[in-house]
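A structural walkthrough
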Amino acid sequence: MLAFLRLALRRVAILPAMVLGVTLLVFVVLQFSPADPAYNALGEGATAEARAAFADANGLNDPLPVRYFRFLGNLLHLDLGKTVPPSQPVADRIATAFPLTLQLTLLGLLIAVVLALLLGVTGALYRDRWPDQLTRVLSIAGIAVPSFWLGIMLIQELALRREIFPTGGYTNPADDFGGWLSTMILPAVSLAVPVAASLARLVRTSMVAELDRDYVRTATGNGLPRGVVVRGVLRNAMVTPLTVLGLRVGYLLSGAVVIETIFDLPGMGKLILEGTTGGDVALVQGTVLTIAVVFLVVNVIADLLVLLVNPRVRTV
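In this convention, every chain numbers its residues from 1, walking through the sequence in written order. Under the rules for a predicted model, residues below a pLDDT of 70 receive no local features and side-chain atom pairs below 80 are neither given nor counted, while totals for whole chains, interfaces and linings still include all residues. Each side-chain value is worked out from all heavy atoms of the structure, with water and hydrogens disregarded.

1. So, the packing of helix H9 (residues 177-211) against helix H11 (residues 226-237)
Helix axes are fitted only over the stretch in contact, all axes being lines through C-alpha atoms; the angle between N-to-C directions runs from 0 to 180 degrees. In this description a helix means any DSSP run of H or I spanning at least four residues, a strand means any run of E spanning at least two, and both kinds are numbered starting from the N terminus. Close contact between H9 and H11 brings their axes to 9 Å; oriented N to C, the two are set at 120 degrees. Taken as axis vectors, H9 and H11 run oblique relative to one another. Between H9 and H11 lies a crossing whose hand is right-handed. Listed contacts from H11 to Ser206, Met207, Glu210 and Leu211 of H9 are Val230, Val233, Leu234, Asn236 and Ala237. Each residue gets one of three labels, nonpolar for Ala, Val, Leu, Ile, Met, Phe, Trp, Tyr, Cys and Pro, charged for Asp, Glu, Lys and Arg, and polar for the others, Gly among them. Residues belonging to the contact of H9 with H11 are distributed by class as follows: six nonpolar, two polar and one charged. Note on angle classes: values under 35 degrees are labelled roughly parallel, values over 145 roughly antiparallel, values of 65 to 115 roughly perpendicular, and the remainder oblique. Take the far helix as the reference: if the near one is turned anticlockwise from it by less than a right angle, the crossing is left-handed, and if turned clockwise, right-handed. By definition, residues are in contact when any of their heavy atoms lie within 4.5 Å.

2. Section: unusual backbone geometry
Even without being glycine, Leu78 reaches a positive phi, approximately 60 degrees. Mapping Leu78 onto the fold places it in the loop between helix H5 (64-76) and helix H6 (90-125). Partly exposed describes any residue whose relative accessible area lies between the buried limit of under 20% and the exposed limit of over 50%, with all areas from a 1.4 Å probe on protein chains only and scaled to the type maximum. Residue classification places Leu78 among the exposed residues on the basis of a relative accessible area of 69%. Positive phi, close to 55 degrees, is recorded for Asp264, a residue that is not glycine.

3. As for the pattern of salt bridges
Pairing is possible between side chains of opposite charge, provided their charged atoms come close. Put simply, a salt bridge is a Lys or Arg side-chain nitrogen that is within 4 Å of an Asp or Glu carboxyl oxygen. According to the stated counting rule, one finds 10 salt bridges in the structure shown. Across the pair Arg127 and Asp212 runs a salt bridge whose closest N-O atoms are separated by 3.1 Å. Residue Arg127 is located in the loop between H6 and helix H7 (130-144), and its partner Asp212 is located in the loop between H9 and helix H10 (214-221); the two are separated by 85 residues in the primary sequence. The class for Asp212 is partly exposed, based on a relative accessible area of 39%. Between Glu157 and Arg162 there is a salt bridge, with the nearest N and O atoms lying 2.8 Å from each other. Of the residues examined, Glu157 reaches a relative accessible area of 27% and is grouped as partly exposed. One salt-bridge network, in which partners are shared between bridges, spans Asp128, Asp132, Arg136 and Arg204.

Purely spatial values, then, with no claim about function.
Structure, rendered in structure tokens:
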């Protein structure tokens, strides 16, 4: 337990440095955006003098380091700036949109994990037999299918043709959980399938490696029930899949941007699209930074889960 706490503190301690690096990267990259904040704020009819006055008043002409540290100071107060007129706090827009993206990501992650375990464990337990061959084919097909294409196909088949699910829109789960599930299931499946397919291959490979170890043959020879042996093998085989799972959450978050657009969901994807098409640097900066920070936090959590699940990796 002491080794776990020591390594966990190490993982958590480097998180602020990584977040700081992400803020610097996002800030610097978006400073090269061709969008003119003064033009967006004042409109087409603003004179050059008015734009210059706006830039001076808002510190847009200050050196880059000065603007960055001002940005960090505002960030500490959860101030991400304001959108272009009609002006709204970016933090308020994100607070409204992010819960939906989080719901979509978590539901997609749940579906991906269930499918990956089902396919991966089945393939490992029936190695080189027809169930294994079937899971391999399904995994390869899942990896090859882009999420946006799968989403469009699901809309055509299950929403337009069969009318089982709605084509898009969003229902608050607090108002109608069934309606929420019906609006979220197709986009969540679209996101989950490629992730589930890649994770299934990792689960199968890790399970096969563990099943060939001496302790498995010893446990089986001593008469331990097969279910007990499989649970122990699965726990030891989860190190690599859990590590990769943290990275796949980033895929789910980034994929949600496109999927939300296809299914007309008012999440972070809609904000990024709105900010990009409208030249709203503050909105794009806030949404991208939020997604990046969440991605870092999830990866730290994944590292901690690996340490918790398998004590063999707790080496200093």
